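# Overview (structure and organization)
Residue-level listing of the chains:
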Protein chains: 4
Amino acid sequence: MSIVRVGMIGYKFMGKAHSNAYRALPMFFPAVWKPEMKAICGRDAGGVEQARVQFGWESAETDWRDMVTRDDIDVVDINAPSDAHKEIAIAAAAAGKHIFCEKPLALNLADSIEMLNAAEEAGVKHMVGFNYRFSPAVQLAKKLISEGRIGTIYHFRGLFLQDWIVDPTFPLVWRLQKEIAGSGSHGDLGAHVIDMARFLVGEFQEVIGMSETFVKERPIPSAMTGLSAKGDKDAPLGAVTVDDATVFLARFAGGALGSIEATRFAPGHRCTNSFEINGSKGSIKFDFERLNELEVYFTEDAVDVQGFRRVLATDSTHAYMDAWWPAGHTIGYEHTFTHEMREFMLAIEEDRQPVPNFVDGVECQAVLEAVDKSIEERRWVAISELR
Amino acid sequence: MSIVRVGMIGYKFMGKAHSNAYRALPMFFPAVWKPEMKAICGRDAGGVEQARVQFGWESAETDWRDMVTRDDIDVVDINAPSDAHKEIAIAAAAAGKHIFCEKPLALNLADSIEMLNAAEEAGVKHMVGFNYRFSPAVQLAKKLISEGRIGTIYHFRGLFLQDWIVDPTFPLVWRLQKEIAGSGSHGDLGAHVIDMARFLVGEFQEVIGMSETFVKERPIPSAMTGLSAKGDKDAPLGAVTVDDATVFLARFAGGALGSIEATRFAPGHRCTNSFEINGSKGSIKFDFERLNELEVYFTEDAVDVQGFRRVLATDSTHAYMDAWWPAGHTIGYEHTFTHEMREFMLAIEEDRQPVPNFVDGVECQAVLEAVDKSIEERRWVAISELR
Amino acid sequence: MSIVRVGMIGYKFMGKAHSNAYRALPMFFPAVWKPEMKAICGRDAGGVEQARVQFGWESAETDWRDMVTRDDIDVVDINAPSDAHKEIAIAAAAAGKHIFCEKPLALNLADSIEMLNAAEEAGVKHMVGFNYRFSPAVQLAKKLISEGRIGTIYHFRGLFLQDWIVDPTFPLVWRLQKEIAGSGSHGDLGAHVIDMARFLVGEFQEVIGMSETFVKERPIPSAMTGLSAKGDKDAPLGAVTVDDATVFLARFAGGALGSIEATRFAPGHRCTNSFEINGSKGSIKFDFERLNELEVYFTEDAVDVQGFRRVLATDSTHAYMDAWWPAGHTIGYEHTFTHEMREFMLAIEEDRQPVPNFVDGVECQAVLEAVDKSIEERRWVAISELR
Amino acid sequence: MSIVRVGMIGYKFMGKAHSNAYRALPMFFPAVWKPEMKAICGRDAGGVEQARVQFGWESAETDWRDMVTRDDIDVVDINAPSDAHKEIAIAAAAAGKHIFCEKPLALNLADSIEMLNAAEEAGVKHMVGFNYRFSPAVQLAKKLISEGRIGTIYHFRGLFLQDWIVDPTFPLVWRLQKEIAGSGSHGDLGAHVIDMARFLVGEFQEVIGMSETFVKERPIPSAMTGLSAKGDKDAPLGAVTVDDATVFLARFAGGALGSIEATRFAPGHRCTNSFEINGSKGSIKFDFERLNELEVYFTEDAVDVQGFRRVLATDSTHAYMDAWWPAGHTIGYEHTFTHEMREFMLAIEEDRQPVPNFVDGVECQAVLEAVDKSIEERRWVAISELR
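Residues numbered from 1 in each chain as written. Chains lettered and ligands numbered in written order. Predicted model: local features only at pLDDT ≥ 70, side-chain atom pairs only at ≥ 80, totals over all residues. Heavy atoms only, no water.

### Section: the pairing of strand β1 (residues 3-9) of chain B
Residues and elements named next belong to chain B. Quick note on the threshold: Relative accessibility decides the category of a residue: with a 1.4 Å probe and only protein chains considered, values under 20% of the type maximum give buried, values over 50% give exposed, and everything between is partly exposed. In this text, helices come from DSSP runs of H or I with a minimum length of four residues, and strands from runs of E with a minimum of two, each type numbered from the N-terminal end. A pair of strands is considered paired only if DSSP assigns at least 2 bridges between the two. The crossover handedness rule: strands pointing away from the viewer, path from first strand over the helix to second strand clockwise, crossover right-handed.
With 5 of 7 residues buried, β1 lies mostly within the body of the structure. Across 7 bridges, the pairing between β1 and strand β2 (residues 34-41) is parallel. Within the sheet, the bridge partner assigned to valine 4 lies in β2 and is proline 35. Note on the crossover from β1 through helix α1 (residues 13-28) to β2: the handedness is right-handed. Alignment of β1 against strand β4 (residues 75-78), held across 4 bridges, turns out to be parallel.

### Concerning the interface of chain A and chain C
Our working rule: When checking whether two residues touch, look at their non-hydrogen atoms; a contact exists if any pair is within 4.5 Å. For this analysis, a salt bridge means a side-chain nitrogen from Lys or Arg found within 4 Å of a carboxyl oxygen belonging to Asp or Glu. Pairs of N or O atoms are called polar contacts if they sit within 3.5 Å, as long as, within protein, a hydrogen donor faces a hydrogen acceptor (for residues adjacent in sequence, only side-chain-to-side-chain pairs). Note on residue categories: nonpolar means Ala, Val, Leu, Ile, Met, Phe, Trp, Tyr, Cys or Pro, charged means Asp, Glu, Lys or Arg, and polar means any other residue, Gly included.
Between chain A and chain C, the contact holds 45 residues from the first and 45 residues from the second. At the surface where chain A touches chain C, the tally comes to 6 salt bridges. Glutamate 206 of chain C is the partner of arginine 378 of chain A in a salt bridge, and the nearest nitrogen-oxygen pair spans 2.6 Å. Linking chain A with chain C are 20 residue pairs in polar contact (both at pLDDT 80 or more), by the criterion used here. A per-class count over the side of chain A that touches chain C returns 19 nonpolar, 16 polar and 10 charged.

### Points about the sheet that holds strand β1 (residues 3-9) of chain A
All names here are of chain A. Let me state the cut-off plainly: Orientation is described by lines fitted to C-alpha atoms, with helices fitted over the stretch in contact, and by angles between N-to-C directions that extend from 0 to 180 degrees.
One open sheet accounts for 6 strands, arranged β3-β2-β1-β4-β5-β6; its pairing is parallel. Whereas interior strands pair on both sides, the edge strands pair on one side only; in this sheet they are β3 (59-61) and β6 (126-128). If you compare each strand with its neighbour and ignore which way they point, the axes differ by 25° on average. Across 3 bridges, strand β2 (residues 34-41) lies against β3 in parallel orientation. Looking across to β3, one finds that isoleucine 40 is bridged to alanine 60.

### Brief notes about the relation of the copies chain A and chain C
Heads up, the rule is: Alignment of the copies relies on least squares applied to C-alpha atoms, considering only residues that score at least 70 for pLDDT in both.
If you rotate chain A by 180° and push it 0.0 Å along the axis, it lands on chain C with an RMSD of 0.0 Å. As the rotation angle and translation indicate, the two copies are arranged about a two-fold axis. The C-alpha atom lying nearest the rotation axis in chain A is that of arginine 379 of chain A; the distance is 2.9 Å. Here 100% of the interface residues in chain A have copies in chain C that are interface residues too; the copies meet face to matching face.

### Some words on the relation of the copies chain A and chain B
Overlay of chain A on chain B (RMSD 0.0 Å): rotation 180°, translation along the axis 0.0 Å. In this assembly the copies share their binding face: 100% of the residues contributing to the interface of chain A also contribute to that of chain B.

### Things to note about the domain arrangement of chain A
Residue and element names in this part refer to chain A. Test applied: Where a domain begins and ends is set by an automatic assignment or by a domain database. The term buried area denotes the loss of accessible surface (1.4 Å probe radius) that occurs when two parts are joined, taken as the sum for both partners.
What the domain assignment lists for chain A is domain 1 (3-132) and domain 2 (136-290 + 292-331 + 364-377). For domain 1 versus domain 2, the separation of C-alpha centres amounts to 25 Å. Counting from both sides, the interface comprises 16 residues of domain 1 and, opposite them, 25 residues of domain 2. If you sort the residues of domain 1 by the area they bury against domain 2, Phe28, Phe130 and Tyr132 come out on top, with a joint share of 41%. The interface formed by domain 1 and domain 2 holds 1 salt bridge in total.

### Some words on the interface of chain A and chain B
Contacts between the two partners involve 20 residues from chain A, matched on the other side by 20 residues from chain B. Interface area, chain A with chain B, both sides summed: about 1400 Å², of which 45% is carbon and sulfur. At the junction of chain A and chain B, the tally comes to 6 salt bridges. The partner of aspartate 301 of chain A in a salt bridge is arginine 309 of chain B, and the shortest N-O contact between them spans 3.5 Å. Summed over the shared surface of chain A and chain B, the result is 10 residue pairs in polar contact (both at pLDDT 80 or more). Those elements giving two or more residues to the side of chain A that touches chain B turn out to be α6 (136-146) and β18 (307-312) of chain A. When residues of the side of chain A that touches chain B are assigned to their parent elements, the largest contribution, 6 residues, is made by β18 of chain A. Of the residues belonging to the side of chain A that touches chain B, the class tally is 9 nonpolar, 4 polar and 7 charged. Pairing of β18 of chain A with strand β18 (residues 307-312) of chain B, which is carried by 5 bridges, proceeds in the antiparallel orientation. Looking at β18 of chain B, one finds that phenylalanine 308 of chain A is bridged to arginine 310 of chain B.

### Points about the side chain of arginine 52 of chain B
Positionally, arginine 52 of chain B belongs in helix α2 (residues 45-55). Once residues within four sequence positions are removed from consideration, arginine 52 of chain B is found in contact with Ile40, Trp57, Glu58, Ser59 and Ala60 of chain B.

### Observations concerning the sheet that holds strand β6 (residues 126-128) of chain B
Paired through their backbone hydrogen bonds, the strands of a sheet run either parallel or antiparallel. All names here are of chain B. Across the sheet, which stays open at both edges, the 6 strands sit in the order β3-β2-β1-β4-β5-β6 with parallel pairing between neighbours. Single-partner strands in this sheet number two, and they are β3 (59-61) and β6. Neighbour-to-neighbour, the strand axes of the sheet open up by a mean angle of 25°, direction not taken into account. The strands touched by α1 are β1, β2, β4 and β5 (98-101); relative to β2, the strand with the most contacts, the crossing angle is about 155°. Contacts from helix α10 (residues 358-377) reach β5 and β6, with the element oriented near 40° to β6.

### Structural notes on the nonpolar core
In globular proteins that are soluble, nonpolar side chains generally tend to be buried together. To be explicit about the condition: The term nonpolar core refers to a set of buried residues drawn from Ala, Val, Leu, Ile, Met, Phe, Trp, Tyr and Cys, joined through side-chain atoms within 4.5 Å.
Among the nonpolar cores identified, the biggest contains 231 residues, and Ile99, Phe204 and Phe275 of chain A together with Ile99, Phe204 and Phe275 of chain D are the most heavily contacted of them. Grouped together as the second largest cluster of nonpolar side chains are 230 residues, Met67, Ala119 and Ile153 of chain B together with Val4 of chain C included.

### Comments concerning helix α4 (residues 85-94) of chain D
Residue and element names in this part refer to chain D. Note the threshold: In this context, the arc is that of the directions from the helix axis out to the C-beta atoms.
Taken together, the buried positions of α4 are occupied by His85, Ile88, Ala89, Ala92 and Ala93. Taken around the axis of α4, the buried residues stretch over an arc of 130°, which confines them to a single face. Summarising the contacts, the buried residues of α4 are in contact with β1 (3-9), α3 (64-68), β4 (75-78), β5 (98-101) and α5 (109-122). In the stretch just after α4, glycine 96 is the one whose phi turns positive, near 75°.

Here's what the structure looks like:
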């Protein structure tokens with residue numbers, strides 16, 4: 001069994017999810033090369049040390065430059081804020097480290113291409129964190145499509161609905177500031193749906209969208225961490241500079257029609273990352289809030305018992321599930337990261353690029369920017385205009 | 001096209017449902033013999049005249065004895081209160097009329113047997129109003145079982161849950177008084193589940209039950225009609241003399257295990273008449289609150305897409321549905337009565353006994369009484385003890 | 001009780017639905033003015049006579065010009081093919097008859113405006129058949145929005161998904177031919193969603209769409225009626241000249257974002273006419289395949305029990321339901337027409353315009369055409385460009 | 001931060017689940033005393049060593065007697081086969097170790113009482129593994145009931161449905177042999193439902209049941225492990241000596257009526273551990289296959305929006321959830337063990353007995369045996385008869 005020594009930059013929401021995945025791999029996927037949690041890095045010495053102890057890393061660093069050049073590191077895992085991705089990734093590539101980078105790959109397409117090129121030139125493995133691909137139910141969707149059991153795809157409808165900022169007195173966290181976050185719901189949530197569409201349906205051809213910021217000013221918070229923030233509702237207001245919601249139409253290269261929506265203004269939806277696909281031989285529905293389930297319909301079922309099946313993708317026949325628990329014993333959100341990191345380890349072991357990799361990060365970024373451009377110019381924009 | 005002349009006794013909830021069915025038949029099932037709404041009968045002259053006009057009957061009677069002997073009547077439809085069923089049915093049989101009788105057939109088994117014998121001796125058609133059999137989704141369940149697609153049946157779980165008397169200040173309506181209603185939720189709701197079980201699984205062998213009256217006294221109402229009543233919450237209290245809930249276990253002659261529950265104390269359940277059947281080759285689920293749907297599971301489905309299918313039983317391939325609307329356009333509660341009356345007309349036309357008939361009414365009554373006896377004597381009671 | 005004498009033109013799918021509604025009104029809504037089914041009209045003498053008998057009309061006509069001028073007719077009900085609406089409606093108005101016209105009001109906006117003007121000038125009542133408004137669950141949605149319980153509306157997502165022509169050998173019925181049907185799924189299904197959006201959210205401001213015809217040629221049928229057709233799969237092919245699917249984005253005048261999709265290529269969806277609305281205080285979901293239900297979420301619910309409620313809109317407190325059956329006893333598709341015709345009768349009785357009326361037909365047509373224009377010109381089109 | 005040194009006996013399904021929980025605690029619940037995975041024990045030296053490495057234990061033992069007396073062990077975790085529980089637990093108590101014991105506590109009531117007494121006399125902490133209590137959604141159910149928000153409880157309906165042995169050629173694994181397993185679906189699955197009922201509704205008063213073995217002989221397997229087995233379908237047959245299904249009625253001391261069913265013959269149900277509770281002020285529904293959700297109904301909701309709410313119990317307000325991920329990001333089966341072990345650690349830290357403990361194990365066993373006795377003697381059996 002070989003060891004892959006990991007250095008991780010970032011220790012908040014994603015840092016916790018990744019750490020959990022590294023800890024789970026040797027136990028649940030013992031046949032795969034094993035990650036060693038070598039070093040965790042963050043700017044705040046106290047915070048990173050606390051995370052080191054809690055998450056179980058060997059050492060801590062406060063300057064990522066020091067970490068990416070450490071001899072005892074094989075992999076750099078980047079889950080720092082999005083505006084830091086590019087510089088770190090390029091340095092890591094230069095140091096010959098394999099790179100796992102959280103989505104969005106970069107703040108814009110040009111940067112993401114630069115990152116891809118750096119990684120390719122350095123000959124390192126590169127992966128991007130579209131974790132939702134790694135739900136067993138989504139893998140089942142992919143399998144059904146690949147095997148032709150859904151037929152030619154006509155429609156893709158993707159939604160990512162949340163509701164955590166519906167309250168207009170919710171404070172102006174960094175995710176609502178363009179200079180730090182790059183984008184709002186479009187880049188944060190829509191990116192996941194775009195990747196899912198690419199994974200299952202194929203490449204986008206052209207798009208047109210619209211977006212809106214429903215609450216234009218919010219109280220400036222006194223402190224914030226991760227998704228949450230504490231603030232005074234009567235604090236001075238600052239401008240929200242990202243989109244609260246973005247909706248767009250798409251044509252896929254394969255001929256399918258798509259509609260994609262990302263919003264943080266859908267009360268009742270804590271995390272509805274859902275899609276439906278209709279093809280000539282059947283349909284598929286998925287909702288992340290019930291991530292163990294896939295709904296599937298086949299036109300060829302006997303005429304008197306046609307209907308959407310609720311498949312609980314927890315049988316040992318379903319992807320990854322023989323590693324976990326008996327049929328019917330469900331898994332959760334965090335398991336998508338474990339499966340994702342398994343793919344990363346496996347790709348290193350097999351000396352191939354993992355999937356999804358920076359190419360997927362670039363392509364997703366191209367679609368995101370095509371949508372932005374279509375909004376700005378109020379016209380259909382072909383993805384090819386941006387590449 | 002032949003005409004079947006109907007005289008109906010009763011004009012409340014069931015009278016309305018039956019009238020609607022008679023009105024619908026010629027339009028939606030024009031090939032079947034046509035009911036003619038000859039006479040409606042009720043003790044209150046004003047009330048019955050109003051119903052006559054509203055429901056569209058030719059004439060009104062206030063004494064059922066006058067009606068059952070009218071020469072221009074072929075069929076007597078009995079939906080008067082349960083305690084009047086027996087006398088009317090026997091008189092109707094004596095007059096040579098075909099009989100449709102609402103469930104429960106009678107207040108007790110002995111009476112129901114007497115009614116069956118009278119009808120058989122008179123050589124008339126007789127039918128009992130277990131309308132839920134006539135949902136297309138239930139007919140689909142029957143078809144799947146009959147064709148062996150569910151295999152050997154292991155389990156039947158039946159529930160009839162309502163919540164209209166959960167409020168302890170709801171008044172003491174006649175349905176809560178044993179001398180008029182005969183029984184509480186057991187006879188009112190449980191009877192439907194028993195009939196469904198007999199229809200789909202087969203005969204009961206032995207039973208044991210328990211029952212409870214959760215609210216033992218209620219305000220005596222000033223006036224009541226149908227299911228509703230108006231009353232003063234501070235009115236004097238009277239004793240509730242029927243069961244609020246009855247639950248029982250059953251063994252079927254075919255070897256299946258059954259559990260059946262009827263209650264009026266299940267908040268949130270307006271009318272959950274549901275069942276699940278598990279067999280060696282599959283399972284079936286039905287809930288009357290979604291009566292157009294049947295959930296079906298087959299063990300022989302491909303291993304990666306096994307799951308309960310939600311079949312919308314509205315395709316033209318499903319029972320009765322070519323008479324109504326295009327696929328996906330649902331029907332409602334009242335349609336079960338139209339289908340039921342279609343069977344009645346068809347049986348007369350084809351000179352055979354309709355199904356379900358008084359035999360089914362008798363068998364259902366036997367199970368009801370076996371449960372009552374099992375509760376009283378705190379022991380398993382075989383149905384054969386009562387026949 | 002006053003009588004409203006109806007003459008109806010058309011006797012297929014919609015003619016059947018309207019006839020059933022007229023028959024149901026006196027029984028279930030006896031307090032409202034009563035329709036008298038005076039005459040039914042169709043070009044085929046045999047066909048219309050058969051419908052006359054089956055549906056229960058007094059007389060039959062084969063030339064609509066004869067009928068609209070009959071002295072014994074107060075109302076003309078138009079459910080003939082769409083291309084005949086305009087001429088009939090204008091003649092009916094000229095004859096001083098009240099008019100009920102099925103949707104789409106006309107084949108294009110100009111015609112629909114002409115119809116509206118004719119009706120307004122004649123001073124007659126006019127109504128258009130957007131029947132889905134009349135589901136009790138939809139009425140509940142309207143009530144919640146009107147009372148401010150959903151707050152400011154941010155999102156409208158509307159879908160009308162069907163699957164009856166997914167099979168590429170399904171024949172080339174008239175609904176797939178532009179010269180007769182005017183439009184494909186957009187005008188047939190999308191129109192209903194547009195009306196629902198206008199009813200619940202308000203006026204559209206601008207739109208942009210895309211459409212597709214997935215199966216471009218189909219076998220020419222030998223005979224057809226209503227939605228179905230018989231044909232040889234090996235028959236010569238003819239061109240499909242309408243859209244199989246149309247999807248569009250919208251901005252509403254009130255600031256909400258909308259996405260609307262109509263398709264006949266969604267396997268498993270027999271008739272999914274659904275929408276979701278998100279507002280500042282809650283959300284609403286509806287699916288016509290479960291038309292008795294409305295899902296509702298309120299942000300102000302206690303923090304530990306927030307969740308979408310499945311409201312079964314069958315209590316007597318819900319619109320229309322005290323006319324039907326006890327709580328939990330569901331209704332079906334056809335009841336929406338009964339409620340619709342009740343509104344029509346009531347409007348005549350109260351001497352006011354019914355809702356929805358030709359104004360709504362015109363506005364819906366304007367949105368449909370704006371979408372068509374946006375597709376043709378590949379740009380956002382304001383509704384105001386067309387009015 | 002104090003350390004609790006654990007020695008675990010058993011390393012299959014439950015051993016894996018417990019190991020995962022111990023590994024997760026320091027990371028997700030860092031404030032609680034920390035388990036140290038000191039030693040794992042199993043009879044097969046090769047198997048236990050493999051598990052030691054995979055699960056991350058410090059050392060391995062092959063004789064539990066050696067382990068329970070080790071000085072460096074504070075806690076003995078027993079998840080060996082059920083027939084070994086008693087001897088180990090008593091020895092562990094004698095050695096002054098705290099004890100965690102998987103359910104069923106013992107093979108019979110007498111043994112379980114002996115275990116309880118031993119633990120009490122030794123003054124050690126004792127806990128029993130009813131892990132389903134530790135779903136956040138179940139904790140929410142408990143909270144609602146405790147706060148009186150459901151009112152007086154009238155009904156408990158509990159089901160544990162599985163389908164892994166429906167195929168009659170599935171081999172005769174040890175769980176189907178009474179001498180090893182003690183019981184079939186009743187003790188394996190029904191025990192969980194009984195504990196859930198006790199947790200939420202209170203003590204049982206009397207019961208009556210029935211059971212069945214549908215497939216009476218099965219092929220003798222060549223090898224087996226955990227839930228699975230490999231075997232030749234044509235192998236010689238051996239007798240199944242446990243129940244395939246057991247169903248029983250119950251009266252609770254508090255007056256509620258209960259029905260409980262456990263079966264392995266319910267096709268389509270991989271692991272439906274579900275219950276519904278109806279009370280005077282509302283209802284609660286839970287299904288383990290959707291363990292993040294609780295359905296809740298309140299009679300006091302506004303009359304026009306009454307309905308079951310689907311509460312996703314993943315908000316930070318819900319039990320344990322602030323330790324995991326943001327709202328809407330679900331957890332799975334394994335998390336119930338982490339929460340369970342958290343309670344165990346916390347009880348040690350706070351020097352109190354954990355809940356559920358051996359008393360709960362004993363009470364559950366009493367109900368199980370009362371049901372067995374009721375089946376054997378075909379009569380109602382009071383729980384008090386057995387204590």
